[in-house]
Amino acid sequence: MTDAPARLNAADGPAPRPLAVLILMSRTGGGHLASARALEAEFRARRPDCRVTIVDLLTDHTAFPFSRMPATYDSVVNRTPRLWHAMWRVTALSPVGRSSAAIVRRLSRSRIEALLRSERPDLVISVHPLVNHLVLPVLERVAPLTPFVTVVTDLGGIHPLWLHPRNAAVYLPTDRAVELAVSRGLPRGRLHAHGLPVRADFASPAAARRDARRAFGMDEALPAILVMGGGGGIGPMEAIVARTAAALAAASPGGPAAQIAVVCASNARLKARLAAEAWPVPVTALGYVDRMSDLMGACDLLVTKAGPGTIAEASIRGLPMLLYGFIPGQEAANVDHVVDAGAGLFEPDVAALATRVAHLVTDGRGELSAMAERAASLGRADATRAIVASILSDVLDA
Ligand code: UDP
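A brief look at the structure comes next. (Residues numbered from 1 in each chain as written. Predicted model: local features only at pLDDT ≥ 70, side-chain atom pairs only at ≥ 80, totals over all residues. Heavy atoms only, no water.)

Some details on the nonpolar core
Generally speaking, nonpolar side chains in soluble globular proteins are found buried as a group. Selection criterion: The definition of a nonpolar core used throughout is a set of buried Ala, Val, Leu, Ile, Met, Phe, Trp, Tyr and Cys residues joined through side-chain atoms within 4.5 Å. Only protein chains enter the accessibility calculation, which uses a 1.4 Å probe; a residue whose area is less than 20% of its type maximum is buried, one above 50% is exposed, and one in between is partly exposed. Secondary structure counts use DSSP, requiring at least four H or I residues in a row for a helix and at least two E residues in a row for a strand, with both numbered from the N terminus. Two residues qualify as a contact provided that any one of their heavy atoms is within 4.5 Å of a heavy atom in the partner residue.
Ranked by internal contacts, the top residues of the largest apolar core, which has 31 residues, are Leu-226, Val-263, Met-292, Leu-295, Met-296 and Met-321. Put simply, the parts of the chain that give this core at least two residues each are β7 (224-228), β8 (259-263), α11 (292-297), α12 (308-316), β11 (321-325) and α13 (332-340). Take this core: its biggest share by element is 4 residues, from α12. Residue contacts for Met-292: discarding those within four places in its chain leaves Arg-199, Phe-202, Met-228, Val-263 and Glu-313. Leu-270, Val-303, Ala-358 and Met-371 belong to the second largest nonpolar core, which has 29 residues in total.

Shown next, in the form of structure tokens:
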């Protein structure tokens, strides 16, 4: 009989190597990357020696033409939303979704396997619904003991591909989403509702309003309407700015009742066009904004598409929301999440939306502050911390 060590990392055994975490996302919109970075920062804060790698699985590790999907996503959802909706609904039918994923997996298996072998992760985290069915079956073959967990980055409509039955744990944004996952057959014991992971900045108070407005080149004193269209700056943003500026000017002839700040993100053409225009109220056109927590803290009302990341962040900042649209499929239920809570309104008609904005910052200020309070009640500033704490204790140390 040999004296085998009870544990591999026993004092006289090999030193344990630092924790290696592989986060799989894809750049379809900006939300998945934002959540991945939030998790990465929290892992580094808790385990300074850990190695966290974020990978765009679809772009960099699937076969052509699937690898092109993230690059074409913004234009598909913007220009042909019906086509996107049809794809979303068809793949939401379990047999279709699973067999489509199986085809992509078969064609991409060697690349996925090479990624897992080179990264040698102790833990794999998915923050994208298309990742799970591509990677889990390969991981089970390459490293069956490596836990795979999913952090769902949608607020309402949870696409069935998020919910692979062999997930070690699934982190969902709301209790409602947990019930949905249970109804789809996932064991309750593996489901956790901590909120949607957002950047660490949102866990601290925002910069003082005047300072933040100055830093963004905005008027320091005027109430501010923030206009956003996700990480791609998509939607009828230009029409929204034009109509809203006109409505604000008309509602307050003695001087502007509010200013507008527009996040054009990666849409450089939109930024250039907005910056070149002469507007009847102050309009600040911004490119990609890193300090979103300060910008949201500096504003009084958000006009946005129903992106889950944006909604989760705005809620933490107690910023009421006017939703002008949603990506059909995954974002439809986000509208209910906001409207049912009384944290905002849905208004797809641009002219009517502009009128509502003007009302809310003039005669409707009471209504606006009530919505702000309800928005704050939806906020989960501690989501990222709670998710990482649970992964470390419930999954890795289990
Ligand atoms: N975002 C950002 N800077 C920008 C524009 C967007 O940090 O200039 C972030 C935004 O704060 C949110 C994410 O990008 O975290 C957008 O995610 P969402 O889920 O709202 O929409 P998506 O772009 O995924 O459709």
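A short note on the site of the ligand
Rules: The cutoff for a nearby residue is simple: one of its non-hydrogen atoms must lie within 4 Å of the molecule or strand. The definition of a polar contact used here is a pair of N or O atoms within 3.5 Å, where within protein one atom must be able to donate a hydrogen and the other to accept one, and adjacent residues in sequence count solely through side-chain atom pairs. The accessible surface values rely on the Shrake-Rupley method and a 1.4 Å probe; as for residues, cover is taken only from the protein chains in view. Each residue gets one of three labels, nonpolar for Ala, Val, Leu, Ile, Met, Phe, Trp, Tyr, Cys and Pro, charged for Asp, Glu, Lys and Arg, and polar for the others, Gly among them.
Taken together, 20 residues lie near the ligand, and Gly-30, Val-289, Lys-305, Thr-310 and Glu-313 sit nearest. The side chain of Thr-310 places a nitrogen or oxygen atom 2.6 Å from an oxygen atom of the ligand. Contact with the protein chains covers 97% of the free accessible surface of the ligand, which is 540 Å². Where the shell around the ligand is concerned, the elements lending two or more residues are α1 (31-46) and α12. Looking at the shell around the ligand element by element, the count peaks at 4 residues for α12. Of the residues contributing to the shell around the ligand, the split by class is 7 nonpolar, 9 polar and 4 charged.

Topic: the side chain of Asp-56
Considering the arrangement of structural elements, one finds Asp-56 in strand β2 (residues 51-56). A polar contact is formed between the side chain of Asp-56 and the side chain of Ser-26, at a distance of 2.8 Å. Side chain to side chain, Asp-56 and Thr-59 meet in a polar contact 2.9 Å long. Among residues more than four places away in sequence, those in contact with Asp-56 are Met-25, Ser-26, Arg-27, His-61 and Pro-70.

Comments concerning the sheet that holds strand β9 (residues 283-286)
Basically, it comes down to this: By this definition, two strands are paired if DSSP reports at least two bridges between them. Geometry is summarised by axes, namely lines fitted to C-alpha atoms with helices restricted to the contacting stretch, and by angles between N-to-C directions that run from 0 to 180 degrees.
A sheet is described by the order of its strands in space; here 6 strands give the open sequence β9-β8-β7-β10-β11-β12, paired in parallel fashion. A strand with exactly one partner marks an edge of an open sheet, and here the two such strands are β9 and β12 (344-346). In this sheet, neighbouring strand axes are inclined to one another by 15 degrees on average, regardless of whether the strands run parallel or antiparallel. As paired strands, β8 and β9 are joined by 4 bridges and run parallel to one another. If you follow Ala-261 over to β9, its bridge partner there is Thr-284.

Things to note about the pattern of salt bridges
Basically, it comes down to this: By definition here, a salt bridge exists when the distance from a side-chain nitrogen of Lys or Arg to a carboxyl oxygen of Asp or Glu is within 4 Å.
Under the criterion given, the structure shown has 20 salt bridges. With its nearest N and O atoms 3.0 Å apart, the salt bridge here joins Arg-46 to Glu-42. Here the residue Arg-46 and the residue Glu-42 both occupy positions in helix α1, the gap between them amounting to 4 residues, near one helical turn. The partly exposed category is assigned to Arg-46, whose relative accessible area is 38%. In this structure, the salt-bridge partner of Arg-214 is Asp-211, at a minimum N-O distance of 3.2 Å. Here the residue Arg-214 and the residue Asp-211 both occupy positions in helix α8 (residues 209-215), the gap between them amounting to 3 residues, near one helical turn. By relative accessible area, Asp-211 is classed as partly exposed at 40%. Overlapping salt bridges bring together Arg-210, Asp-211, Arg-214 and Glu-220 as one network.

Points about the sheet that holds strand β6 (residues 191-193)
Backbone-to-backbone hydrogen bonds pair the strands of a sheet. The strands run either parallel or antiparallel. The 6 strands are arranged β2-β1-β3-β4-β5-β6 in an open sheet whose pairing can be described as parallel. Every interior strand has two partners, whereas the edge strands, β2 and β6, have only one. With direction set aside, neighbouring strand axes in the sheet form an average angle of 20 degrees. Relative to the sheet, helix α5 (residues 94-119) contacts β1 (20-25) and β2, its axis offset from that of β1 by approximately 155 degrees. Where helix α6 (residues 129-142) meets the sheet, its contacts fall on β1, β3 (123-126) and β4 (148-151), and the angle it forms with β4 comes to roughly 170 degrees.

Some points on the pairing of strand β10 (residues 301-305)
Counting buried positions along β10 yields 5 of 5 residues, so the element is predominantly enclosed. By the alternation rule, side chains of β10 split into Leu-301, Val-303 and Lys-305 and Leu-302 and Thr-304, which are all buried. With 4 bridges connecting them, β7 and β10 associate as parallel partners. Within β10, the position partnered with Val-227 by the bridge is Val-303. Relative to β11, β10 is paired through 4 bridges, and the arrangement is parallel.

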